[in-house]
Amino acid sequence: MLVGRCREVLDVMRARGISPPQPNRITRAIRIVEGLNDEERLARATSSELQLGSEAFRTLWEFFFIGYTWRERGRVGGPLTGTRLMALFEGADSSGADSNPRPRSTQFELYAASGLILGGADVRDGEPDIRFLYHGSYRGVAAKRVSTPTANAVRK
């Protein structure tokens with residue numbers, strides 16, 4: 001079902017003038033998840049294939065959430081711009097294979113912004129990553145994706 005919803009978001013994006021390059025991270029994630037939806041293939045999957053599938057599923061969930069928000073509540077001046085949405089299509093299939101963290105960083109910023117937008121907040125693009133209206137003034141949110149497995153590094 002998630003794959004179908006992501007295809008719908010892709011169709012809406014194309015209809016509104018956002019043309020993702022081919023191939024791209026979203027269409028590759030769709031193929032990976034579709035492959036793991038095959039019960040025989042899933043039963044034989046290695047741990048590395050399951051890890052890749054897990055990252056693909058996360059990519060698709062965040063893409064769908066962002067795309068839904070953009071379609072339903074996107075507005076001029078908000079963080080869900082065509083330029084920022086194009087970053088969702090860049091990057092490698094796994095975070096470990098990414099030489100440039102920008103696409104995944106932008107994806108997480110837009111994911112955080114989407115949650116605030118769907119919650120009714122007035123969200124704007126701005127430093128540090130996004131800004132939202134809180135008690136009459138705009139407050140900055142530094143949306144950072146945790147990329148380390150150690151608790152000590154997260155505390156720092």
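Everything here concerns the structure above.
Basis of the calculations
Residues numbered from 1 in each chain as written. Predicted model: local features only at pLDDT ≥ 70, side-chain atom pairs only at ≥ 80, totals over all residues. Heavy atoms only, no water. Helix = DSSP H or I, 4+ residues; strand = E, 2+ residues; numbered from the N terminus. Expected span 1.5 Å × (residues − 1). Buried < 20%, exposed > 50% of the residue type's maximum accessible area, 1.4 Å probe, protein only. Contact = heavy atoms within 4.5 Å. Pairing = 2+ DSSP bridges. Axes fitted to C-alpha atoms, helices over the stretch in contact; angles between N-to-C directions.

Engineer: For helix α6 (residues 102–118), give the residues involved together with the corresponding values.
Structural biologist: A rise of 1.5 Å per residue sets the reference length of α6, with its 17 residues, at 24 Å; its end C-alpha atoms lie 24 Å apart and thus fit the reference within 8%. When we look at burial in α6, the residues that qualify are Pro 103, Arg 104, Thr 106, Gln 107, Glu 109, Leu 110, Ala 113, Ser 114 and Ile 117. Contacts from the buried residues of α6 go to α2 (25–37), α4 (47–73), α5 (82–86), β1 (123–125) and β2 (130–134). Remark: Gly 120 follows α6 within two positions and exhibits a positive phi of approximately 100 degrees.

Engineer: I'd like a description of the environment of Leu 80, backed by residues and values.
Structural biologist: One can find Leu 80 in the loop between α4 and α5. Spatially, the C-alpha atom of Leu 80 lies 8.5 Å from that of Thr 69, the residues being 11 residues apart in sequence. Ignoring anything within four residues of it in the chain, the contact list for Leu 80 reads Ile 66, Thr 69, Trp 70, Leu 85, Leu 110, Ser 114 and Ile 117.

Engineer: Any details on the sheet that holds β2? Residues and values, ideally.
Structural biologist: The strand order β1-β2-β3 describes an open sheet built from 3 strands, whose pairing is antiparallel. In this open sheet, the two edge strands, each paired with only one partner strand, are β1 and β3 (137–141). Between one strand axis and the next, the sheet turns through 35 degrees on average, direction left out of account. The sheet contact formed by β1 and β2 spans 3 bridges and is antiparallel. Bridge pairing links Asp 125 to Ile 130 in β2.

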